[in-house]
Amino acid sequence: MNAAAASAMVAAGRPLVVSSFIEWRSAARDLLMHEVAPELVTWNEVGTHAADLFSGAPELPASSDNAPAGLTPIKPALPNRPSIPRALMEMLQSAACCRMPDRWAFLYRVIWRWQHGEHDVQSPADADGSRLHAMVKAVRREEHDMHAYIRFRERPLEAGPPQFAAWFEPRHDVLPQVAEHFKDRMGNVTWMIGTPEASVMWDGATLHHTGPLMKSAADLDDAGEALWLTYYRSIFNPARVNAQLMQSHIPSRFWKNLPEGAIVPQMVSNAELGARSTGQAQAVGRKSGATIPIAPADAQPERQQPSKLDECRRCELWQYATQAVGGEGPKKAQIMLVGEQPGDQEDLAGKAFIGPAGKLLDQVFASAGLERREIYLTNAVKHFKWEPRGKRRLHKTPAQREVEACHYWLDKELAAVKPKVIVALGATALKSVLGSGSAKLGESLGKAIRVGDRWVVTVYHPSYILRVPDEATKQAAFKVMVDGLKLAQSLLERPPEEPPA
């Protein structure tokens, strides 16, 4: 249709047939310039002959000079084009995608009212404004649903492009804007989306809009779909199924075109027939019960203890660590250093203190006049406890129950090495060595404590020095460690009954 002839067609009593928002906008601009009222215009969709809301308007003659009595002749074009704000035009463009039988007539009525000073037509409080906002909301909701529930199926390579194809049955004309979304999301991969009204194809560089090319999702074949359905069956939990909740999350009209939609009804039916109670019984059986506050040593039943560190299952940390990391050093060292737990590098290599904290510890040894090979190095916890952060494994402080569970191995090391002095690196090590979860690092830092027939000296863990931001704090903490190791050396020559200086 020639948009410039829109007013002439109305004058001739002929309906305006449009197929897109662009055609409607051009025709509406011409009608506004000729001051053609909405009730004088008949709008039709391309391919339909059903009249719209204003189809009962009287036919107008081609010439306004011979207009019958009671008919308004078409006025000459105004010198200025109509001015519509961008926000309203964007709403009109979105609402034009809403499949309503009178959408073109309604949109023209909106801009007619705006052009004639009724600016409240854009407000939700106005009757037409409320309907306009509802149409925009319905279109945006359909775009969201199409983004969420469309399923691409991979086509055989021998079939040629497109590599992926999908079928969807939208309620509104949102295919063009949805195609732009998937064009940006899927890159150079070729794909096609078919609907009952139209199709769009992406060849990796250009979008091609065509008429309907498929009749239903049955026209698609995907060899990998069977694998997906097998996986879906395996994760379906009948004990937790809630059909009403499923339908509220995904409206039922989408299920018929989802691969899993064909098997869900049967699985829901099986859940109602007894699978739910069976699943619940299994879930209850897996529950560990309430945690009782009791010392781990008292709660342990009489059982054979592990003889090798790699066989330890006294806590759950072994499940997530690469390996257990035991202590290393002279079999009869006079000084034993006890850290918190192995780090990422220690977990991978199976050796204690070889990461950044271990390198800093070597500097402390050199400043204190000690040789690393003379000292036995170990940790209170033998498995690396961590949490994921992107592709990295970040240290996580062990819980007290994990420290107490691993004290079994520290006792075996103390009994074998028989050190005269234990240097506890940080709070976790101090709690393990003293066997007290209430031990405070600040109360014993840099001091010597007599525990049985051994001295215990507490210093910072080297990782603390690596974490603190300012240089002054780093230097002070480094000095505490050096002084603590020097104190440990002096305690070797001191009788057990003599208090430290």
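None of the values given here were measured: they were computed from a predicted structure. Sequence positions are assigned chain by chain, starting from 1 and proceeding in written order. Where totals are concerned, whole chains, interfaces and linings use all residues; where local detail is concerned, this predicted model gives features only for residues with pLDDT of at least 70, and gives and counts side-chain atom pairs only at 80 or more. Note: side-chain values were computed over all heavy atoms of the structure, leaving out hydrogens and water.

Engineer: Whenever I open this one, the state of the cysteines confuses me. Can you help?
Structural biologist: Cysteine pairs can be covalently joined through their sulfur atoms, and such a bond is termed a disulfide. When two cysteine sulfur atoms are found within 2.5 Å, that pair is recorded as a disulfide. Evaluation of the coordinates by the stated rule reveals 0 disulfides. The thiol of Cys-312 is not disulfide-bonded; the next cysteine sulfur, from Cys-406, is found 5.9 Å away. Note on exposure labels: buried denotes an accessible area under 20% of the residue type's maximum, exposed denotes more than 50%, and partly exposed covers the range between, all computed with a 1.4 Å probe on protein chains only. Cys-406 sits in the buried class, given a relative accessible area of 7%.

Engineer: What am I meant to see in the nonpolar core here?
Structural biologist: What tends to happen in soluble globular proteins is that the nonpolar side chains get buried as a cluster. Residues enter a nonpolar core if they are buried and are Ala, Val, Leu, Ile, Met, Phe, Trp, Tyr or Cys, with the set joined through side-chain atoms within 4.5 Å. Grouped together as the largest cluster of nonpolar side chains are 53 residues, with contacts concentrated most on Trp-24, Trp-43 and Tyr-108. Contacts between residues were defined by any pair of non-hydrogen atoms, one from each residue, lying within 4.5 Å. Setting aside residues up to four positions removed in sequence, Trp-24 forms contacts with Val-18, Trp-43, Leu-92, Trp-104, Leu-107, Tyr-108 and Ile-111. Within the second largest apolar cluster, 31 residues are counted, among which are Val-364, Ala-368, Val-459 and Leu-492.

Engineer: It is not clear to me how the pattern of salt bridges should be interpreted in this structure. Could you clarify?
Structural biologist: For side chains bearing opposite charge, pairing can occur when the charged atoms are close. Salt bridge, as applied in this entry: a Lys or Arg side-chain nitrogen positioned within 4 Å of an Asp or Glu carboxyl oxygen. Evaluated as defined, the whole model comprises 20 salt bridges. Ionic pairing is found between Arg-103 and Glu-45, a salt bridge with its closest N-O pair at 2.7 Å. With Arg-103 in helix α4 (residues 103–115) and Glu-45 in strand β2 (residues 43–45), the pair connects residues that are 58 residues apart, well separated along the chain. Look at Arg-103 and you get buried, because its relative accessible area is 7%. The partner of Arg-131 in a salt bridge is Asp-102, and the shortest N-O contact between them spans 2.7 Å. Placement of the pair is Arg-131 in helix α5 (residues 127–149) and Asp-102 in the loop between α3 (86–95) and α4, with a sequence separation of 29 residues. Runs of H or I in DSSP of at least four residues are treated as helices and runs of E of at least two as strands, each being numbered from the N terminus.

Engineer: When you look at the environment of Lys-486 in this model, what are you seeing that I'm missing?
Structural biologist: Along the polypeptide, Lys-486 turns up in helix α17 (residues 471–491). The spacing of Lys-486 and Phe-365 is 121 residues in sequence and 9.4 Å in space, taken between C-alpha atoms. Lys-486 has contacts with Ser-367 and Ala-368, leaving out every residue within four places of it along the chain.

Engineer: Any chance you could explain the side chain of His-461 here in plain terms?
Structural biologist: Take His-461: it is sitting in the loop between β14 (454–459) and α16 (462–467). By the criterion applied in these results, polar contacts are pairs of N or O atoms within 3.5 Å in which, for protein atoms, one can donate a hydrogen and the other can accept it, and in which residues neighboring in sequence qualify only through two side-chain atoms. A polar contact of 2.9 Å, which involves the side chain of His-461, links it to the side chain of Ser-463. Discounting residues that sit within four places of it in the chain, His-461 has contacts with Gly-339, Glu-340, Phe-353, Ala-357, Leu-425, Gly-426 and Met-481.

Engineer: Got a minute to help me understand the packing of aromatic side chains in this structure?
Structural biologist: To describe a pair of aromatic rings, one takes the distance between the centres and the angle between the planes. Stacked, tilted and edge-to-face pairs are distinguished by plane angle, under 30 degrees for stacked and over 60 for edge-to-face with tilted covering the rest, among Phe, Tyr and Trp rings (Trp via its six-membered ring) whose centres lie within 6.5 Å. Scanning the entire structure with this criterion turns up 9 aromatic pairs. Taken together, a centroid distance of 5.9 Å and an interplanar angle of 50° make the contact between Trp-43 and Tyr-108 tilted. Highlighted residues: Trp-43 in strand β2 and Tyr-108 in helix α4, separated in sequence by 65 residues. Summarising the burial analysis for this pair, Trp-43 and Tyr-108 share the class buried. Here the aromatic cluster, defined as three or more aromatic residues joined through ring pairs, consists of Phe-21, Trp-24 and Trp-104. The lysine or arginine in question, Arg-131, covers the ring of Phe-106, its NZ or CZ lying 4.4 Å from the ring centre. As a reminder, the over-ring test applies to NZ of lysine and CZ of arginine, requiring each to be within 6 Å of the ring centre and within 35 degrees of the ring normal. A cation over an aromatic ring shows up here: Arg-393 above the ring of Trp-386, its NZ or CZ 5.3 Å from the ring centre.

It is worth stressing that arrangement in space is one thing and function is another; only the former is reported here.
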